[in-house]
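# Observations on chain architecture
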Amino acid sequence: MLFGGFAAHRGWLALVPWVILIGAIGNAVAQGIWFFAARAAGQRILEKRVDWATNVERVDRLLKKWEASVVIGARFIPGFSSAAVVTVALSKISSAKFLVLNAIGAFAWASTFGVLGYAVGRAVETVLGDIRRYEKPVAVMLLVAAIIWIGWHHAETFRSARRKPV
């Protein structure tokens, strides 16, 4: 989303509606997949991911007090989002209520980080002046770094899921 906001600042994409809309849809779909997969798997998912159990317990306590805030806001906290959506799926929240809150949260997340990326673009331009000669190499570098990070992160997730509990 930050890169999409930056790209919108540079005029490559339209922040409103496309960057925010596509980001919100992507986030909502990803969270929805986690929700319905966790709901289908039930408690078995925690047997496979024992490292999530502590986070799930913490989120469950928060969920009992602030259900809507947890569903909407957890996506803003790195590393907390997955445990939160699994906990929400294992709770008694209805699928319809989750979908509404998920859509609101996805739109808020995409708007926040899209606008933040746009502002970063403006700040970078203010500090560096004309960034036209840097933008394509930096954009390619950021894209490659993002792909490497995503690949590493998912590989680590799959490796830890295969480990047997001690």
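Notes on the structure in this doc start here.

### So, empty space enclosed by the protein
Under the definition given, this model contains one cavity of 30 Å³ or more. Of the pockets and cavities examined, the largest cavity occupies roughly 60 Å³. Lining the largest cavity, in full, are Gln-31, Val-70, Val-71, Ala-74, Arg-75, Ser-81, Ala-84, Val-85, Val-88, Phe-98 and Asn-102. Going through the elements one at a time, helix H5 (67-73), helix H6 (81-90) and helix H7 (95-128) are the ones with two or more residues in the lining of the largest cavity. For the lining of the largest cavity, the leading source of residues is H6, giving four residues.

### Let's talk about helix H1 (residues 2-9)
Counting buried positions over the eight residues of H1 gives six, a clear majority of the element. What H1 keeps buried is the set Gly-4, Gly-5, Phe-6, Ala-7, Ala-8 and His-9. Contacts from the buried residues of H1 go to helix H2 (15-41) and H7. Phi turns positive, to about 90°, at Gly-11, one or two residues after H1.

### Examining the packing of H2 against H7
Where H2 meets H7, the closest approach of the two axes is 8 Å, and the angle between their N-to-C directions is 140°. Accordingly, the angle class assigned to the pair H2 and H7 is oblique. The two elements H2 and H7 meet at a crossing, and its hand is right-handed. Across the interface between the two elements, Leu-15, Ile-20, Gly-23, Ala-24, Asn-27, Ala-28, Gln-31, Gly-32, Phe-35, Phe-36 and Arg-39 from H2 touch Ser-95, Phe-98, Leu-99, Asn-102, Ala-106, Phe-107, Trp-109, Ala-110, Ser-111, Gly-114, Val-115 and Tyr-118 from H7. Of the residues that constitute the contact of H2 with H7, the class distribution is 14 nonpolar, eight polar and one charged.

Thresholds, definitions, all that
- Along each chain, the written sequence defines residue order, and numbers are assigned to residues from 1.
- Per-residue local features are limited, in this predicted model, to residues with pLDDT of at least 70; the limit for side-chain atom pairs, both in listing and counting, is 80 or more; totals at the level of whole chains, interfaces and linings are taken over all residues.
- In computing side-chain properties, one takes all heavy atoms of the structure into account and sets aside hydrogens as well as water.
- Here a cavity means grid points, on a 1 Å grid over the protein atoms only, where a 1.4 Å probe fits yet cannot get out; a pocket means an open set of points with protein on both sides within 12 Å along at least five of seven lines; lining residues are those with an atom within 4 Å of a point.
- Grid points are joined across faces, edges and corners, and a volume is the space filled by probe spheres set on the points.
- Numbered from the N terminus, helices here are DSSP runs of H or I no shorter than four residues, and strands are runs of E no shorter than two.
- To sort residues, take the accessible area from a 1.4 Å probe on protein chains only and compare it with the maximum for the residue type: under 20% means buried, over 50% means exposed, and anything in between is partly exposed.
- By the convention used here, residues are in contact when the closest approach between their heavy atoms is within 4.5 Å.
- Between N-to-C directions, angles span 0 to 180 degrees; the directions come from axes that are lines fitted to C-alpha atoms, helices contributing only their stretch in contact.
- Note on angle classes: values under 35 degrees are labelled roughly parallel, values over 145 roughly antiparallel, values of 65 to 115 roughly perpendicular, and the remainder oblique.
- Definitions for this section: a left-handed crossing has its near helix turned counterclockwise from the far helix by less than a right angle. A right-handed crossing has that turn clockwise.
- Polar here means any residue other than Ala, Val, Leu, Ile, Met, Phe, Trp, Tyr, Cys and Pro, which are nonpolar, and Asp, Glu, Lys and Arg, which are charged; Gly is therefore polar.

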